[in-house]
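Examination of the molecular architecture
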Amino acid sequence: MIIVKTIAALRQILDHQRNITQTIGFVPTMGALHPGHLSLIETSRKLHPFTVCSIFVNPTQFNDHQDFDKYPVTIDKDCLLLEQHQTDVLFLPSVVEMYPDGLGLQKPHYDLGHLEMVLDGAHRPGHFQGVCQVVERLLRIVQPDELFLGQKDFQQCLVIKKLVGIMEDASSDLSAQWPAAGLKVNISPTFREPDGLAMSSRNARLSESARQIAPAIFQQMMMLKDNFLLNDAKSLITSATQNLLNAGFTKVDYVEIANAATLELLDAFDANIKMVVLAAAFLGDVRLIDNLLIN
Ligand code: AMP
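Description of the structure in this document. (Residues numbered from 1 in each chain as written. Predicted model: local features only at pLDDT ≥ 70, side-chain atom pairs only at ≥ 80, totals over all residues. Heavy atoms only, no water.)

Turning our eyes to something else, we now look at the site of the ligand. What surrounds the ligand is a group of 16 residues, the closest being Met30, His37, Asp153, Phe191 and Met199. Measuring from an oxygen atom of the ligand, one finds a side-chain N or O atom of Asp153 at 2.6 Å. Mapped by element, the contributors of at least two residues to the shell around the ligand are β2 (24–29), α2 (35–47) and β5 (146–150). Per-element tally for the shell around the ligand: the top contributor is α2, with three residues. (Near = heavy atom within 4 Å. Polar contact = N/O pair within 3.5 Å; in protein donor to acceptor, adjacent residues only side chain to side chain. Helix = DSSP H or I, 4+ residues; strand = E, 2+ residues; numbered from the N terminus.)

So, on to unusual backbone geometry. The phi torsion of most residues other than glycine is negative, and most of the peptide bonds are trans. For Gln86, which is not a glycine, the phi torsion comes out positive at approximately 55 degrees. One non-glycine residue with positive phi stands out, namely Leu119, at about 50 degrees. Residue placement: Leu119 occurs in the loop between α5 (95–98) and α6 (120–123). Residue class for Leu119 comes out buried when judged on its relative accessible area of 5%. (Buried < 20%, exposed > 50% of the residue type's maximum accessible area, 1.4 Å probe, protein only.)

The next thing to look at is the sheet that holds strand β1 (residues 2–4). The strand order β1-β4-β3-β2-β5-β6 describes an open sheet built from six strands, whose pairing is parallel. Every interior strand has two partners, whereas the edge strands, β1 and β6 (184–188), have only one. Averaged over all pairs of adjacent strands, the angle between their axes in this sheet comes to 25 degrees, without regard to strand direction. Running at roughly 150 degrees to β2, helix α7 (residues 127–142) makes contact with β2, β3 (50–55), β4 (89–91) and β5 of the sheet. (Pairing = 2+ DSSP bridges. Axes fitted to C-alpha atoms, helices over the stretch in contact; angles between N-to-C directions. Contact = heavy atoms within 4.5 Å.)

A separate point is the packing of aromatic side chains. Enumeration over the complete set of coordinates arrives at four aromatic pairs. Measuring from ring centre to ring centre gives 6.2 Å for Phe56 and Tyr99, while their planes differ by 45 degrees; the resulting arrangement is tilted. Highlighted residues: Phe56 in the loop between β3 and α3 (65–69) and Tyr99 in the loop between α5 and α6, separated in sequence by 43 residues. We classify Phe56 as buried; its relative accessible area is 6%. Aromatic side chains Phe62 and Tyr71 sit 5.7 Å apart centroid to centroid with 75 degrees between the ring planes, which places their arrangement in the edge-to-face category. Grouping residues by exposure puts Phe62 and Tyr71 together as buried. The structure contains a cluster of three or more aromatic residues connected by ring pairs, namely Phe62, Phe68 and Tyr71. (Phe/Tyr/Trp six-rings, centres within 6.5 Å; stacked < 30°, edge-to-face > 60°.)

To continue, consider the pairing of strand β9 (residues 286–293). On a regular strand, each side chain points to the face opposite its neighbour's, so the side chains alternate between the two faces of the sheet. Taking burial as the measure, the eight residues of β9 include seven buried ones, the bulk of the element. As judged from the eight bridges shared by strand β8 (residues 275–283) and β9, these two strands associate in the antiparallel manner. Bridging across to β9, Val277 finds its partner in Leu292. Here β8 hands over to β9 after two residues, with Gly284 in that stretch at a positive phi of 65 degrees.

One can find Ser172 in the loop between α8 (154–168) and β6. Considering only alpha carbons, one finds Ser172 and Leu224, 52 residues apart in sequence, at a separation of 40 Å.

Turning to the nonpolar core, a few remarks are in order. Judged by nonpolar contacts, the single largest core of 50 residues is most densely connected at Leu139 and Leu263. Ala214, Ala216, Ala233 and Leu292 belong to the second-largest nonpolar core, a separate cluster that totals 30 residues. (Core = buried A, V, L, I, M, F, W, Y, C linked by side-chain atoms within 4.5 Å.)

Before going further, it helps to spend a moment on helix α4 (residues 75–84). Every buried residue of α4 is listed here: Asp78, Cys79, Leu81 and Leu82. Buried residues of α4 fall within an arc of 165 degrees about the axis and therefore sit on the same side. With respect to the buried face of α4, the exposed residues turned more than 90 degrees away are Asp76, Leu80 and Gln84. Tucked inside the fold, the buried residues of α4 contact β1, α2, β3 and β4. Gln86 sits one or two residues past α4 and shows a positive phi near 55 degrees. (Arc of directions from axis to C-beta.)

Backbone hydrogen bonds hold the strands of a sheet together, and the pairing may be parallel or antiparallel. An order of β7-β8-β9 is seen for the three strands of this open sheet, with the pairing classed as antiparallel. The sheet terminates laterally at β7 (251–259) and β9, the two strands that pair on one side only. The average angle at which neighbouring strand axes cross in this sheet is 10 degrees, direction not considered. The sheet contact formed by β7 and β8 spans eight bridges and is antiparallel. Opposite Val255, over in β8, you have Ala279 as the bridge partner.

Time to look at the packing of α7 against α8. At a minimum axis distance of 10 Å, the contact between α7 and α8 shows a crossing angle of 55 degrees. Put simply, α7 runs oblique to α8. Crossing hand, α7 versus α8: right-handed. Together, Phe128, Val131, Cys132, Val135, Glu136, Leu139 and Arg140 of α7 and Gln155, Gln156, Val159, Ile160, Leu163, Val164 and Met167 of α8 make up the contact between the two elements. Its residues assigned to classes, the contact of α7 with α8 comprises 10 nonpolar, two polar and two charged. (Parallel < 35°, antiparallel > 145°, perpendicular 65-115°, else oblique. Left-handed = near helix turned anticlockwise from the far one by under 90°. Nonpolar A, V, L, I, M, F, W, Y, C, P; charged D, E, K, R; others polar.)

Now the structure itself:
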């Protein structure tokens, strides 16, 4: 595996790969890698002869400074895991490399519409603008054929699909020097621990007792999934929220059922649309998110 820290060095390698007509799969991450991340690398490797992974803890997507400061960093272990999984290139840029003009003055505005007004959009102001900012930059740098994302971050997947749509729309300012079509977005299922807890880099920050409580989020989502056909969303959400607090969660940002394509919130079961349960809750200062498709 080649590790590169600069955009110039990465471009040189990727230009060469494209010249020999190799397709490129790209897996962006924030590091502290776990089997969920590695499943994305494996999928990319099956579909493309060349796989690039990036590790960059993007400051502009953290609305909470403490969350950024405490984000786990395990670069040496990550390199070993990526090497074992035969990743071709690890892109490991610095903040200055990604944001040469600094962080302060840039106020991106991506028109994400409803996607930015609900769930994590509402609870983490500016978060998805930061996500779009870094993903747009990374996509322009890597210019992959396929982008690999995890369903674990369900709303983020919809946001990034929307970003790609904006970049590919010829009438948008973002379409400059970006091909009109062709970037595939591949979404992999969520990797879970045996007790149901979705794997997440933030799980490393859970105390032993919090780790015991954490699977309740999956159990409550299952409860909603199993009971939604015969019950209204409101009563189920009230029960699930109370159950999470009773289990030991310190704060519940949301438990909701939504249209999986649009994230419009739903009150009642609708067999004609794909539905998803989404939840975000805190154990102390660790915020966990998860989701489950209903049908
Ligand atoms: P992150 O490092 O948290 O930014 O995640 C990088 C990518 O890995 C994102 O596309 C995530 O959705 C994906 N990912 C994170 N956790 C999991 C998981 N448990 N299963 C599958 N993919 C995941």
